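Secondary and tertiary structure notes
Each chain, letter by letter, is given below.
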Amino acid sequence: MVLNVTDNPDKKRYEVSVEGSTAFVEYIKAKDKIYLTHTEVPTALEGKGIGSSLVLKVLEDLERQNLTLVPLCPFVAMYLKKHPEWKKLVMKGINIE
């Protein structure tokens, strides 16, 4: 599934609309760091891989912007455990096991 994920700086979140619903990852940016604080996928969209696809698109964008990731959201942390190739973005000293 190809998602058209957009950064909505006014709402401080990455978001995607699917089937009339919006899934999003909220963030706080501070200089060269970004704190991913919360991921939300509407109930109607759960189980379709949308959350994981959304997180992947966010991580690709963070890499493009050369931002350091601080994953405060449990869903993002779980994604990083399953896809350790993205741990390169995580701030040094943060352990994701």
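Further up the page is the structure itself.
None of these values were measured; they are calculated from a predicted model.

Rules and cut-offs
- Residues numbered from 1 in each chain as written.
- Predicted model: local features only at pLDDT ≥ 70, side-chain atom pairs only at ≥ 80, totals over all residues.
- Heavy atoms only, no water.
- Pairing = 2+ DSSP bridges.
- Helix = DSSP H or I, 4+ residues; strand = E, 2+ residues; numbered from the N terminus.
- Core = buried A, V, L, I, M, F, W, Y, C linked by side-chain atoms within 4.5 Å.
- Buried < 20%, exposed > 50% of the residue type's maximum accessible area, 1.4 Å probe, protein only.
- Contact = heavy atoms within 4.5 Å.

**Overview of the pairing of strand β3 (residues 21-30)**
Pairing analysis gives six bridges linking strand β2 (residues 13-18) to β3, with the strands arranged antiparallel. Bridge pairing in β3 places V16 opposite A23. Remark: two residues form the turn of the hairpin made by β2 and β3, two consecutive strands paired antiparallel; E19 in that turn has positive phi of roughly 50°. Examined bridge by bridge, β3 and strand β4 (residues 33-40) share seven bridges and lie antiparallel to one another. Each residue of the ladder has a partner; that of K29, found in β4, is I34. Hairpin remark: β3 followed by β4, antiparallel, with two residues in the connecting loop; positive phi at K31, about 55°.

**Description of the nonpolar core**
Nonpolar side chains in soluble globular proteins generally cluster together in the buried interior. V16, L36, L59, L62, L69 and L80 are the most contacted members of the largest nonpolar core, which has 28 residues in total. Of all the secondary structure elements, the ones that give two or more residues to this core are β2, β3, β4, α1 (50-65) and α2 (74-82). The element that contributes the greatest number of residues to this core is α1, accounting for six residues. For V16, the residues in contact, after removing those within four places along its chain, are L3, N4, V5, S21, T22, A23, I50 and L54.

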